[in-house]
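Working through the structure, step by step
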Amino acid sequence: MDGSVVKGATPEGPAAVEGAPQGAPEADLTALVAELERIVGENWVYTAEHELRTYESDGLLQYRVIPAAAVLPATAEEVQAVVKACADAGVPWVARGAGSGLSGGALPISDGVLIVVARMKRVLDVDLANQRICVEPGVTNANVSAAVGPAFFYPPDPSSQIVCSIGGNVAENSGGAHCFKYGFTTNYVTGLEVVLPDGELVQIGGMELDHPGYDLLGAFVGSEGTLGVATKVWLRVVPSPETVKTLVAFFDTTRHAGEAVSQIVQAGVVPGAIEMMDEKAIEASEQMAHAGYPAGRGAALLVELDGAERECEARFEEVVGICEACGSDDVRVARDEAERQLFWKTRKAAFPAMGRISPNYFVQDGVIPRTKLPEVLERIEALGKEYGMIVANVFHAGDGNLHPLVCYDGRNEGEAERAEELSGKILDACLDAGGSITGEHGVGVDKKKHMPKMFEEPDLDAFQRLRCAFDPAGLANPGKVMPTPRLCGEVPGPYRQHPLEAAGLAERF
Ligand SMILES: Cc1cc2nc3c(=O)[nH]c(=O)nc-3n(C[C@H](O)[C@H](O)[C@H](O)COP(=O)(O)OP(=O)(O)OC[C@H]3O[C@@H](n4cnc5c(N)ncnc54)[C@H](O)[C@@H]3O)c2cc1C
């Protein structure tokens, strides 16, 4: 079985996965696979290389690993039995939803098991009177809103919402265009059923908004599959707004569009969404969506107001006025739902559309204080020039959540490495501006090397202690998130001699 890390989607890619542990010996794996087949049926366990290729990467195609086996349980009980079997065999595993993650979180482990929850897509309960829905983890984000609509909706809406799973959203604490006004996944998860890494099935929270005791729910949301597998998710949903009004305004520069964002927010308007694309992103998206967006404009700002009709109407005029005052001479208001959908399609097409203008690209994800948008965008542009590479920008402007898309041609020797280096410098620029290395895509395998730039050793030790409390054997998605994997028994912090070593009774190798 080929369990190697493939370096790069095209000839060459970024550095191989460091610290990813190897799994069990071949003999133990054979026995484990037989046990997995007994649990879920042999049709739902894949071990052939051509079947496993489907799962070798997530949306971050630069990293690839073929797992020893992929298993597709259909129920929480099956997940529990699968995790227990892995625990008994000492084999590491990775949970996977739809595999749309962009930080390599669902990257398999060579000689480990990939637990794919995509078959678990039942809507278990819809309780509109109490504004709750309970779903299995494989339900797509879009289908949650569909199940409670049209009267209600589920606000966190990653642009990948038609494919990404709620389990993946929970693990990544996913965001989206509506998060500026409505908040992130963590603000909507009220309960989880989880299979812990030793195979125990537990419930954290439930229907209620809050629970006494430590906030374990908060710890699990955003834990990127390192604390267990979510098998059931209770979510809060909210009433759909009475009215939605959407515009796209075109500007000569992102600086002007950024100024409009600041002024809209300072005026006390809280748009349901406020999204920006720069010239390159407009060019690529237009080729895919054909919305009639003009070529050569520096920025397109999509603003959507939602809420009570009278308030929306009144404040919409204000927003149009601010856009014009900030230099937009082309403000297009969606005349009907079809046109609104076209505006959104163009924005949501931005990532995949980059393939139209570049053979390869890295999607970066950093956050900065909104007021720093102009200076950070200028620094990104300067970095692009320094590296001789195009960097397109698409972002959730209200949240200061940037998605620079670093374009490169992987067929050219060393270009992927240079693109990755440039991506790292963009994150440094975000940190220098007082921001973060990730806004919504998670750390995964891609950004763990950047974690020490944000956190001191004692912070990382605290994270590790929490992780070990859930997963003392270190089998759940090892090699991800944390920059320097440790064994759970190790004393965090700098090396201190063990008393047995001091007494000459034990030796450290
Ligand atoms: C075109 C495109 C646009 C995107 N836009 C956005 C956006 O606007 N906002 C945003 O936040 N993200 C966005 N993403 C990223 C991605 O879609 C999200 O991170 C999403 O939540 C991943 O869900 P998934 O089901 O694909 O998870 P996967 O990629 O399968 O897994 C992601 C992580 O979750 C863990 N995991 C999966 N299921 C479970 C489970 N049941 N229990 C425990 N852990 C689990 C995995 O181990 C992994 O660490 C985008 C991606 C693409 C390709």
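In what follows, the structure referred to is the one given above.
Within helix H4 (residues 141-148), burial applies to Asn 141, Val 144 and Val 148. In a view along the axis of H4, the buried residues occupy a sector of 55°, so they form one face of it.

This part covers the site of the ligand. Residues in contact with the ligand amount to 36 residues; listed here are only the nearest, Ala 95, Ser 100, Ser 160, Ser 165 and Ser 174. Between the ligand and Gly 97, the relevant distance is 2.7 Å, taken from an oxygen atom to a main-chain nitrogen or oxygen of the residue. A distance of 3.1 Å is found between a nitrogen atom of the ligand and a side-chain nitrogen or oxygen belonging to Glu 440. For the ligand, the accessible surface in isolation is 980 Å², of which the surrounding protein chains cover 95%. At 5 residues, helix H5 (residues 166-172) tops the list of elements feeding residues into the shell around the ligand. Considering only residue class, the shell around the ligand consists of 13 nonpolar, 19 polar and 4 charged.

Right, let's get into the environment of Thr 231. Within the element layout of this structure, Thr 231 appears in strand E12 (residues 229-236). With 156 residues separating them along the chain, Thr 231 and Thr 75 place their C-alpha atoms 7.8 Å apart. Within polar-contact distance, the side chain of Thr 231 engages the side chain of Glu 193 at 2.7 Å.

Moving on, we get to the pattern of salt bridges. One pass over the full model with this rule turns up 25 salt bridges. Here Lys 84 and Asp 88 are joined by a salt bridge, their closest N and O atoms 3.2 Å apart. A residue pair is termed a helical-turn pair when its members lie 3 or 4 positions apart in one helix, as Lys 84 and Asp 88 do in helix H3 (residues 76-89) at 4 residues. Among the residues examined, Lys 84 registers a relative accessible area of 37% and is labelled partly exposed. With relative accessibility at 59%, the residue Asp 88 sits in the exposed group. A salt bridge links Lys 453 to Asp 428; the shortest N-O distance between them is 2.8 Å. Of this pair, Lys 453 sits in helix H15 (residues 451-454) while Asp 428 is found in helix H14 (residues 415-432), placing the two residues 25 residues apart along the sequence. For Asp 428, a relative accessible area of 25% puts it in the partly exposed group. A single salt-bridge network, built from bridges that share partners, covers Glu 49, Arg 53, Glu 56 and Arg 64.

Before going further, it helps to examine the side chain of Asp 58. For Asp 58, the position within the fold is in the loop between helix H2 (49-52) and strand E3 (63-65). Look at Asp 58: it is buried, it has no salt bridge, and the nearest opposite charge is Arg 96 at 6.8 Å. At a separation of 2.9 Å, a polar atom in the side chain of Asp 58 contacts the main-chain amide nitrogen of Gly 104. At a separation of 3.2 Å, a polar atom in the side chain of Asp 58 contacts the main-chain amide nitrogen of Gly 105. Ignoring sequence-local partners within four residues, the contact set of Asp 58 consists of Arg 96, Gly 99, Gly 101, Leu 102, Ser 103, Gly 104, Gly 105 and Ala 106.

This part covers the sheet that holds E12. Strand order across the open sheet formed by 5 strands is E7-E8-E12-E10-E11, with antiparallel pairing between neighbours. Of all strands in the sheet, those with a lone pairing partner are strand E7 (123-127) and strand E11 (201-205), marking the two edges. Ignoring which end each strand starts from, the neighbouring axes of this sheet average 10° apart. In this sheet, strand E8 (residues 132-135) lies alongside E7 in antiparallel orientation, the contact comprising 4 bridges. Bridge assignment links Asp 127 to a residue of E8, and that residue is Arg 132. Strands in contact with H3 are strand E10 (189-195), E11 and E12; relative to E10, the strand with the most contacts, it is inclined by about 50°.

Moving on, we get to the packing of helix H13 (residues 373-387) against H14. Packing of H13 against H14 brings their axes to within 10 Å, and their N-to-C directions diverge by 155°. Taken together, the axis directions place H13 and H14 in an arrangement best described as roughly antiparallel. Here H13 and H14 pass one another in a crossing that is right-handed. From H13, Val 376, Arg 379, Ile 380, Leu 383, Gly 384, Glu 386 and Tyr 387 reach across to H14, where they touch Arg 418, Glu 421, Leu 422, Lys 425, Ile 426, Ala 429 and Asp 432.

All right, on to the packing of aromatic side chains then. In total, this model carries 7 aromatic pairs according to the counting rule given. Ring centres 5.9 Å apart and planes at 80° place the aromatic pair Tyr 154 and Tyr 188 in the edge-to-face group. Separated by 34 residues along the polypeptide, Tyr 154 in the loop between strand E9 (152-153) and H5 and Tyr 188 in the loop between helix H6 (179-182) and E10 bring together distant segments of the chain. No difference in accessibility class separates Tyr 154 from Tyr 188, as the two residues are buried. Between Tyr 293 and Phe 343, the ring centres sit 6.4 Å apart and the planes meet at 55°, which makes this aromatic pair tilted. With a gap of 50 residues between them, Tyr 293 in the loop between helix H9 (279-289) and strand E16 (299-307) and Phe 343 in helix H11 (residues 337-348) connect regions that are remote in the sequence. Across this residue pair, the class does not change: Tyr 293 and Phe 343 are buried. Among the aromatic side chains, those forming a connected cluster through ring pairs are Phe 250, Tyr 293 and Phe 343. Between Arg 119 and the ring centre of Trp 44, over which it is positioned, the NZ or CZ distance is 3.6 Å.

Analysis parameters
- Residues numbered from 1 in each chain as written.
- Predicted model: local features only at pLDDT ≥ 70, side-chain atom pairs only at ≥ 80, totals over all residues.
- Heavy atoms only, no water.
- Buried < 20%, exposed > 50% of the residue type's maximum accessible area, 1.4 Å probe, protein only.
- Helix = DSSP H or I, 4+ residues; strand = E, 2+ residues; numbered from the N terminus.
- Arc of directions from axis to C-beta.
- Near = heavy atom within 4 Å.
- Polar contact = N/O pair within 3.5 Å; in protein donor to acceptor, adjacent residues only side chain to side chain.
- Areas by Shrake-Rupley, 256 points an atom, 1.4 Å probe, with all protein chains shown as cover.
- Nonpolar A, V, L, I, M, F, W, Y, C, P; charged D, E, K, R; others polar.
- Salt bridge = Lys/Arg side-chain N within 4 Å of Asp/Glu carboxyl O.
- Lys, Arg positive; Asp, Glu negative; His and termini not counted.
- Contact = heavy atoms within 4.5 Å.
- Pairing = 2+ DSSP bridges.
- Axes fitted to C-alpha atoms, helices over the stretch in contact; angles between N-to-C directions.
- Parallel < 35°, antiparallel > 145°, perpendicular 65-115°, else oblique.
- Left-handed = near helix turned anticlockwise from the far one by under 90°.
- Phe/Tyr/Trp six-rings, centres within 6.5 Å; stacked < 30°, edge-to-face > 60°.
- Lys NZ or Arg CZ within 6 Å of the ring centre and 35° of its normal.

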